[in-house]
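# Understanding the architecture of this molecule
In case you want the letters, here they are:
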Amino acid sequence: MSMTAIPTALSAEERDAILDAVREFAQTRLAPGALDWDRRKHFPRDVLAEAGELGLGALYVREDVGGTGLRREDAAAIFEALAMGDPTIAAYITIHNMVAWMIDQNGTPAQREQWLPRLATLRDLGAYCLTEPGAGSDAAAITTSAIADGDEYVLTGVKQFISGAGEASVYVVMARTGAPGARGITAFLVPADAVGLSFGANEHKMGWNAQPTRQVILDEVRVPASAVLGELGGGFRIAMKGLNGGRVNIAACSIGGAQWALDRAIRYVHERFTFGEALAERQSVVFALADMATELVAARALVERAARAIDEDAPDVAVQCAMAKRFATDAGFEVANRALQLHGGYGYLQEYGIEKVVRDLRVHQILEGTNEIMRVVIGRGIVGA
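Keep in mind the model is a prediction, meaning the values are calculated, not measured. (Residues numbered from 1 in each chain as written. Predicted model: local features only at pLDDT ≥ 70, side-chain atom pairs only at ≥ 80, totals over all residues. Heavy atoms only, no water.)

### Quick word on helix H10 (residues 371–383)
When the terminal C-alpha atoms of H10 are compared, their 18 Å separation across 13 residues agrees well with the 18 Å that a helix rising 1.5 Å per residue should span. Of all the residues in H10, the buried ones are Asn371, Met374 and Ile378. Burial along H10 is one-sided: seen end-on, the buried residues are contained in an arc of 45°. The outward face of H10, more than 90 degrees from its buried face, is lined by the exposed residues Glu372, Arg380 and Val383. Those residues of H10 that are buried lie in contact with helix H6 (235–271) and helix H8 (317–342). Once H10 ends, the next one or two residues include Gly384, with phi positive near 80°. (Helix = DSSP H or I, 4+ residues; strand = E, 2+ residues; numbered from the N terminus. Expected span 1.5 Å × (residues − 1). Buried < 20%, exposed > 50% of the residue type's maximum accessible area, 1.4 Å probe, protein only. Arc of directions from axis to C-beta. Contact = heavy atoms within 4.5 Å.)

Here it is as structure tokens:
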């Protein structure tokens with residue numbers, strides 16, 4: 001398969017078999033530990049390695065380097081299924097897969113052979129370093145520098161909010177090699193053992209507690225010229241194409257987490273009696289559940305459409321991905337929050353798990369481009385700006 005070829009679609013039987021295996025993994029290996037991992041801020045490397053054994057470490061990477069070679073539409077369904085077990089770990093797996101895809105699509109044969117067989121196992125992990133303390137939504141304004149020195153580059157700067165920092169084996173770092181603006185940015189592959197690479201403290205977060213989030217600090221980190229990923233000055237293009245997929249993936253995770261919360265709410269309203277009748281007998285409750293279910297079905301349709309747009313390299317792929325991300329992450333958070341409300345005081349208790357999903361899904365409206373930026377992307381696409 002060439003680098004630009006569309007992967008062959010799975011048959012219905014193949015897709016069902018894969019999703020059944022992923023759902024079983026989510027139910028037996030993610031869900032039982034999710035609350036404990038959240039409470040202890042524990043990153044379950046052993047469970048990630050088990051996910052790697054299922055082929056989840058390089059879902060849309062080519063098979064010659066250990067990838068699974070799936071279409072994005074099938075991968076999105078897998079991420080949704082994983083998020084029903086634990087949105088935090090599912091979200092990290094999506095970020096890892098984005099890193100693997102970047103190397104697969106833009107790497108030299110040597111880079112692909114060096115990193116992808118190991119990343120595919122999910123024993124070696126990847127991290128993506130774009131955001132900086134002073135450059136979030138305005139990603140083209142990054143100031144981390146990469147200065148050429150003979151046959152090396154010297155990287156200096158700080159990256160912010162990096163998932164997997166301190167645990168990853170390779171970091172895809174966006175750094176400035178040229179003039180201000182998008183065209184001056186280049187992507188580099190920085191190994192974890194690079195001299196001058198260090199990490200900040202693990203951030204104290206509202207959610208996503210089971211995956212580490214730290215600063216990545218580059219203090220005159222030297223890498224060979226062969227560490228450049230793609231073309232010199234091509235880093236911003238790689239970042240934006242990667243984020244198209246990242247937006248679809250995080251949207252899928254929102255749907256999975258919210259679907260889990262909705263399923264729990266449906267069960268609860270049959271079990272909970274007030275004023276002599278089950279909550280499920282009250283029209284206001286039924287209407288709330290109807291709206292929640294409808295929003296998730298609509299969100300899933302947008303995600304599937306955007307994923308197909310990536311596979312087909314549609315001209316409006318960025319707009320479709322932004323639409324899916326904006327709608328699904330907003331809907332996912334609102335559905336989870338309504339599920340908490342339907343549980344009353346019990347929804348606020350940690351042991352029920354609903355409040356964790358609400359906390360986890362909230363950040364999906366911020367990362368991979370805030371939902372305000374998604375509106376900018378969509379609006380520009382509509383008016384032709």
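Resuming the write-up.
### Details of the environment of Asp360
Tracing the chain through its elements places Asp360 in helix H9 (residues 354–362). Here Asp360 falls in the buried class, since its relative accessible area comes to 0%. Excluding residues within four positions of it along the chain, Asp360 makes contact with Asp86, Pro87, Thr88, Gly207 and Trp208. Reaching out from Asp360, the side chain makes a polar contact with the side chain of Lys356 at a distance of 2.4 Å. (Polar contact = N/O pair within 3.5 Å; in protein donor to acceptor, adjacent residues only side chain to side chain.)

### A closer look at helix H2 (residues 45–53)
Where H2 is concerned, the buried positions are Val47, Leu48, Ala49, Ala51 and Gly52. In this structure, the buried residues of H2 make contact with helix H1 (12–40), helix H4 (87–106) and helix H5 (109–120). Gly55 lies just past H2 and shows a positive phi near 90°.

### Brief notes about the pattern of salt bridges
Opposite charge on two side chains permits pairing when their charged atoms draw close. Counted under the stated rule, the structure contains 24 salt bridges. A salt bridge links Arg29 to Glu50; the shortest N-O distance between them is 2.7 Å. Taken together, the residues span a long stretch of sequence, with Arg29 in helix H1 and Glu50 in helix H2 at a distance of 21 residues. With a relative accessible area of 30%, Arg29 lands in the partly exposed category. (Salt bridge = Lys/Arg side-chain N within 4 Å of Asp/Glu carboxyl O.)

### What to know about the side chain of Asn249
Among the secondary structure elements, Asn249 is positioned in helix H6. Of note is the side chain of Asn249, whose polar atom sits 2.9 Å from the side chain of Tyr60. Excluding residues within four positions of it along the chain, Asn249 makes contact with Tyr60, Phe79 and Thr94.

### A look at the nonpolar core
Judged by nonpolar contacts, the single largest core of 96 residues is most densely connected at Leu82, Tyr128, Leu155, Met174 and Val190. Top element by residues in this core is H4. It accounts for 10 residues. Sequence-distant contacts of Leu155, defined by excluding residues within four places in its chain, comprise Ser145, Ala146, Val173, Ala175, Phe188, Val190, Leu218, Asp219, Glu220, Val221 and Val223. In terms of nonpolar packing, the next biggest core, distinct from the first, is built from 23 residues, Leu262, Tyr268, Ala280 and Val357 among them. (Core = buried A, V, L, I, M, F, W, Y, C linked by side-chain atoms within 4.5 Å.)

### Let's talk about the pairing of strand E2 (residues 145–149)
Relative to strand E3 (residues 152–163), E2 runs antiparallel, the two sharing 5 bridges. Paired with Ile147 across the bridge in E3 is Val154. Hairpin connection from E2 to E3: 2 residues lie between these consecutive antiparallel strands, with Gly150 at a positive phi of about 65°. (Pairing = 2+ DSSP bridges.)

### A closer look at the packing of aromatic side chains
Inspection of every chain in the model, using the stated rule, returns 4 aromatic pairs. Both rings, one in Phe43 and one in Tyr92, keep their centres 5.3 Å apart while their planes meet at 90°; by these two values the pair is edge-to-face. Here the residue Phe43 occupies a position in the loop between H1 and H2, and Tyr92 occupies one in helix H4, the gap between them amounting to 49 residues. The exposure class assigned to Phe43 is buried, which follows from its relative accessible area of 9%. Under the relative-accessibility criterion, Tyr92 is labelled buried at 0%. Above the ring of Tyr60, the side-chain terminus of Arg72 is found at 3.7 Å from the ring centroid. The side chain of Arg362 reaches across the aromatic face of Phe333, ending 5.8 Å from its centre. (Phe/Tyr/Trp six-rings, centres within 6.5 Å; stacked < 30°, edge-to-face > 60°. Lys NZ or Arg CZ within 6 Å of the ring centre and 35° of its normal.)

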